[in-house]
Amino acid sequence: TAYGGTRAYSFDGVDDGVACGDILDSAIWTTGNAFTLTGWVQVINSALSADGATLLTKYMDTGGANDRQFLNRVSNNGSGMKANFGYAVNNQTTYRFWQGSTTLSTGTWYHIVWIYNGPTATNANSQCFVNGVEETVSSFFSMGTDNVAMNDYSAELSFGKAIKGTLQNYIYKGRADDLRVFPR
């Protein structure tokens, strides 16, 4: 839903989302998996779980089928509402999830940037900026082998929720504007 004169999207936390199809394949997967996710967000619902709410994703759990690539969301992992980013590779045997250090408040607009630098020999391959300030990034979930490239699966690029056909997950309640993905 377009929101007022700002032209931001407003997501109701029930079923709103934008599906863009299985795109970005040649843009990201041929650049060594390095890419940047950016956008303005205003979270309305502070009662988020650790699963959180999707801002921009190409990640969907379809009950056993591996369609997980990356997930940019806001969630609460026990230390307050924070921006986080994660990905899965190797047929779901490798996962990495990081979170920024700023505790986000409901009703406040934030400009969030995640930079994924591709596979590295350590967990230090992700950077986060909130309102132009680089965050201290911490890993809150990690499993499997480091230095593994992200795979190209068939999940749709989507905003506001993870979408795969009629399935939906990680639904966001809030507003978002100027969401973008850049290969690096």
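Just above sits the structure.
Residues numbered from 1 in each chain as written. Predicted model: local features only at pLDDT ≥ 70, side-chain atom pairs only at ≥ 80, totals over all residues. Heavy atoms only, no water.

Trainee: Give a detailed account of the nonpolar core, specifying residues and quantitative values.
Mentor: One finds F35, L37, F70, F85, I112, W114 and Y172 to be the most contacted residues of the largest nonpolar core, which totals 30 residues. For this core, the elements supplying multiple residues, two or more each, are β4 (35-43), β5 (53-61), β6 (66-76), β7 (81-89), β9 (109-116), β10 (126-130) and β16 (173-183). Ignoring any residue separated from it by four or fewer positions in sequence, one finds F70 in contact with L24, F35, L37, L56, T57, K58, Y59, F85, G86, Y87, M150 and L157. Membership of the second largest hydrophobic core comes to six residues, among which are Y59, L71, Y95 and F97. (Core = buried A, V, L, I, M, F, W, Y, C linked by side-chain atoms within 4.5 Å. Buried < 20%, exposed > 50% of the residue type's maximum accessible area, 1.4 Å probe, protein only. Helix = DSSP H or I, 4+ residues; strand = E, 2+ residues; numbered from the N terminus. Contact = heavy atoms within 4.5 Å.)

Trainee: Outline unusual backbone geometry, supporting the account with residue identities and numerical values.
Mentor: The phi angle at N131 is positive, at roughly 55°, despite the residue not being glycine. Tracing the backbone shows N131 in the loop between β10 and β11 (133-134). According to the relative accessible area criterion, N131 is partly exposed, its value standing at 42%. If you check the backbone angles, D178 has positive phi at about 55° while not being a glycine. The residue D178 is located in strand β16 in this model.

Trainee: Just give me the short version of the environment of L56, but keep the residues and values in it.
Mentor: In this structure, L56 sits in strand β5. Given a relative accessible area of 1%, L56 falls into the buried group. In the structure, L56 is positioned 101 residues away from L157 in sequence and 7.3 Å away in space, judged by C-alpha atoms. Not counting residues up to four positions away in its chain, the partners in contact with L56 are L37, F70, L71, N72, L157, S158, F159, R180 and V181.

Trainee: Run through the pattern of salt bridges, naming residues and quoting values.
Mentor: For the structure shown, the criterion picks out one salt bridge. Here D178 and R180 are joined by a salt bridge, their closest N and O atoms 2.7 Å apart. (Salt bridge = Lys/Arg side-chain N within 4 Å of Asp/Glu carboxyl O.)

Trainee: How would you explain the environment of N131 if you had to name every residue and give the values?
Mentor: The sequence separation of N131 and H111 amounts to 20 residues, and the corresponding C-alpha distance is 4.8 Å. Residues in contact with N131, not counting those within four places in the same chain, are W40, W109, Y110 and H111.

Trainee: Describe in detail the pairing of β9, supporting the description with residues and values.
Mentor: Of all eight residues in β9, six are buried; the element is thus mostly enclosed. Pairing geometry for β4 and β9, over eight bridges, is antiparallel. When the sheet's bridge partners are listed, L37 is paired in β9 with W114. Inspection of the sheet shows β9 paired to β10 by five bridges, in the antiparallel sense. Across the sheet, the residue bridging to Y116 is S126, located in β10. (Pairing = 2+ DSSP bridges.)

Trainee: Give a description of the side chain of R175 that names residues and reports values.
Mentor: Checked against the element boundaries, R175 lands in strand β16. There is no salt bridge for the buried R175, and the closest opposite charge comes from D16, which lies 10 Å off by N-O distance. A polar contact is formed between the side chain of R175 and the side chain of Q42, at a distance of 2.7 Å. (Lys, Arg positive; Asp, Glu negative; His and termini not counted. Polar contact = N/O pair within 3.5 Å; in protein donor to acceptor, adjacent residues only side chain to side chain.)

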